[in-house]
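# Report on the structure
Residue-level listing of the chains:
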Amino acid sequence: ELKVEQNPLFLSMQEGKNYTIYCNYSTTSDRLYWYRQDPGKSLESLFVLLSNGAVKQEGRLMASLDTKARLSTLHITAAVHDLSATYFCAGLLSGYALNFGKGTSLLVTP
Amino acid sequence: DVKVTQSSRYLVKRTGEKVFLECVQDMDHENMFWYRQDPGLGLRLIYFSYDVKMKEKGDIPEGYSVSREKKERFSLILESASTNQTSMYLCASTVPPGRGLLNTEAFFGQGTRLTVV
């Protein structure tokens, strides 16, 4: 069974600062996903990472995957208020469903 | 550009009613999933399906059943709704691993907020 752990679970950061969210998973995962969720809304797909060393960037968010360490990171550069949301990582193993971390609730303050 | 559609955004049902939540995807995905999301508990898997008429129990299947008669449609059924099934229900779909490196995203529907009174 694939277990996914995220940290931190809560993050308050100032605008303009950088920070990283970590996602550890327990066994080999075929894919690693990152999602964003705004209050009361569904999950919005941010990134899909497929192979070791994969790096994807969109705006101020950059996700990377290290399959040997079983670690994915979501790096936030120069945070702005609009990035306030809950971020989830999820792993997908063949034959199984998406396994989610608990989510990181991010608040960006002025 | 709609990919995964859930039949209702908000639903209010009475205790004991049989409730159907429908999910339709237009991407020809084999894998479909039903989750519920509750504050402090994250996303919990109820059932998933990897092919027509195939289903697997997730972490919390009690009180639920599913139906997948067609590839594009995955229905969640609450046999006899109870107040503890008040929750946000989320449907998702994706292609299974091993199908190549394209179209690997897993998309979610807009969610159904179900209240059982």
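Just above, that's the structure.
Each value, and the rule that gives it
Each chain carries its own residue numbering, running from 1 in the direction its sequence is written. Here the convention is simple: chains get letters from A, ligands get numbers from 1, in the order in which they are written. Totals for whole chains, interfaces and linings use all residues, but because this is a predicted model, local features are given only for residues with pLDDT of at least 70 and pairs of side-chain atoms are given and counted only at 80 or more. In computing side-chain values, all of the structure's heavy atoms are included and hydrogens and water are not. Throughout, disulfides are identified as pairs of cysteine sulfur atoms within 2.5 Å of each other. Under the DSSP-based scheme used, a helix requires at least four consecutive residues in state H or I and a strand at least two consecutive residues in state E, with every element numbered from the N terminus. Here the term buried applies to any residue with accessible area under 20% of the maximum for its type, exposed to any over 50%, and partly exposed to those in between, with areas from a 1.4 Å probe on protein chains only. Put simply, a nonpolar core is a bunch of buried Ala, Val, Leu, Ile, Met, Phe, Trp, Tyr and Cys residues held in one set by side-chain atoms that sit within 4.5 Å of each other.

## Let's talk about the state of the cysteines
Scanning the entire structure with this criterion turns up two disulfides over all chains. Linked covalently through their sulfurs, Cys23 of chain A and Cys89 of chain A form a disulfide whose S-S length is 2.0 Å. Taking the torsion about the S-S bond as the criterion, the Cys23 of chain A to Cys89 of chain A disulfide, at about 85°, is right-handed. Taken together, the positions of Cys23 of chain A in strand 3 (residues 19-25) and Cys89 of chain A in strand 9 (residues 85-92) put the pair 66 residues apart, joining distant regions of the chain. With respect to burial, Cys23 of chain A and Cys89 of chain A carry one shared label: buried. There is a disulfide in this structure between Cys23 of chain B and Cys91 of chain B, and the S-S distance comes to 1.9 Å. Because the sign of the S-S torsion sets the handedness, a value of about -75° for the bond joining Cys23 of chain B and Cys91 of chain B places this disulfide among the left-handed ones. Of the two residues, Cys23 of chain B sits in strand 3 (residues 19-25) while Cys91 of chain B sits in strand 9 (residues 87-94), which places them 68 residues apart along the sequence. Using a relative accessible area of 0% as the deciding quantity, one classes Cys91 of chain B as buried.

## Side note on the nonpolar core
Formed by 24 residues in total, the largest nonpolar core has its most connected members in Leu32, Trp34, Leu74, Ile76, Tyr87 and Leu106 of chain A. Elements with a contribution of two residues or more to this core: strand 2 (10-14), strand 3, strand 4 (31-37), strand 5 (43-49), strand 7 (61-66), strand 8 (71-76), strand 9 and strand 11 (104-109) of chain A. Counting 22 residues, the second largest nonpolar core, distinct from the first, contains Met32, Val66, Ala81 and Leu114 of chain B.

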